[in-house]
Amino acid sequence: MNPLVPYPLPGTQLVHVGRQPIFDVTGDVVAYELLFRGSMDAVEAGRRDTYATSQVIVNTFTEFGIDEVVGDRTCFINMTREFLTGELTLPFGPEHVVLEVLETVDVDDEVVDGVTALAAKGYRIALDDFVWGSGHERLLPLADFVKLDLLAAEPDHLDAIVAACREYPKIKIVAEGLETGEQLALSNRYGFELRQGYVLSRPQVLTAASLTPSKLRRLELIGALSASDADLEQVLSIIARDPALTLRVLRASNSVAAGATSRVSSVRQAVVMLGLAHIRQWAMLMVVDDVAEATEVQMADALTRARLCEHVAPAFGADPDAAFMAGLITAVAQMIGMTPAAIAHQLPLSTDITKALERGTGSLGQVLRVVDAYERGDLSAVAAAYSGDDLSGTVMAAMRWSTMAVAATQNAA
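Residues numbered from 1 in each chain as written. Predicted model: local features only at pLDDT ≥ 70, side-chain atom pairs only at ≥ 80, totals over all residues. Heavy atoms only, no water.

Caption draft 1: Representation of unusual backbone geometry. Although it is not a glycine, His96 sits at a positive phi angle of roughly 65°. Tracing the backbone shows His96 in the loop between helix H3 (81-84) and strand S4 (97-101). (Helix = DSSP H or I, 4+ residues; strand = E, 2+ residues; numbered from the N terminus.)

Structure follows, in structure tokens:
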């Protein structure tokens, strides 16, 4: 994603996520805390509620891509009560993620049970802004990290708190709120393993243009997924009608596909790879995220291009599903001001789609070139490369299909 995008293009919105480095004793960045930011120039989070957590998760994993935000480092994400107790399900695995129990969470039996279950699944737990006597000491046996705010800590109580934490050998202490050299020296004196604060590095806000998904379509998707006998074909139909949803599903599948031998070559394969339960979790978070509806004209144009690629594909011996995917991604790339190659880099696409998007090679590359030529009115280039039926009829059919596909969701309201 381009972190320098100043204004959203038509049919897009700007999305943001803050990150603040966490350093080890040698000064190396070993993790990032991910933070809610409502704008690209926001200094503070502004809110630390369920909405904020949901937006951080959705933006990190489905807009930017976790690799782009933190690379191979660990990320710390603030968790509210709803996530800790399982009322809202985490749509990602425990790899490279630490769940921070916010100091505002009332640690009762339900929270202890929820955190116990999360730890049993392999999630690492951090206690944020830890204060003895707040009730959060009940979670010390489950914690992997304890964050101590040295800006607010009372020196007289620090010895006792550190001693209590050191009774659990696996706990690493993160000194946060470091703003002065004296506080950094205090961290060294206590032997705190990790450090975070303005004296080391201020939070950075990452900003990117993102296609705005249709709120109605996300609700429709949740409805389809809520049935005990969820219909895969219906789910595929809803996702395929919304390029923004398609892109998010692909990005979400990227983490699942990490290390897998097969790569995604269709929306169907991405949905199967993720599983309907996982798709349901992402859809729920998208509703909590609650971004504005997409421009229907933009959706129809993108779907028309994808459908046209699908129809042209057989003339070049290309797979129609893969051609639809390639056409849709190139249309989305144009909407959000990115290159197809940049998007391809974030997605677990099959080799033939990746080569077509990055280098324009292969049979899919030929499909894209013909469609590009037709869209810019270069009919001689189309005639030279394409020996199939007259494309004018195919284009009209694609436009009718895309218009009906978009209208179908509106009429379902």
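Resuming the write-up.
Caption draft 2: Up close: helix H10 (residues 267-274). Residues of H10 that are buried: Val267, Ala270, Val271 and Leu274. Taken down its axis, H10 places every buried residue within 95° of arc, on the same side. A positive backbone phi angle near 90° is found at Gly275, which sits one or two residues after H10. (Buried < 20%, exposed > 50% of the residue type's maximum accessible area, 1.4 Å probe, protein only. Arc of directions from axis to C-beta.)

Caption draft 3: The arrangement of the pairing of strand S2 (residues 29-35) in detail. The buried fraction of S2 is high, at 5 of 7 residues. Sheet topology places S2 next to strand S3 (residues 74-79); 4 bridges connect them, and they run parallel. Along S3, the bridge assignment pairs Glu33 with Phe76. (Pairing = 2+ DSSP bridges.)

Caption draft 4: Summary view of the pattern of salt bridges. Using the criterion set out here, one finds 14 salt bridges in the structure. Taking the shortest distance from any N to any O, the salt bridge between Asp108 and Arg81 comes out at 2.7 Å. Taken as a pair, Asp108 in the loop between S4 and helix H4 (109-120) and Arg81 in helix H3 lie far apart in primary sequence, 27 residues in all. A relative accessible area of 24% places Asp108 in the partly exposed class. Judged by its relative accessible area of 27%, Arg81 is partly exposed. Here Arg359 ties to Glu358 by a salt bridge, and the two come within 3.8 Å at their closest N and O atoms. (Salt bridge = Lys/Arg side-chain N within 4 Å of Asp/Glu carboxyl O.)

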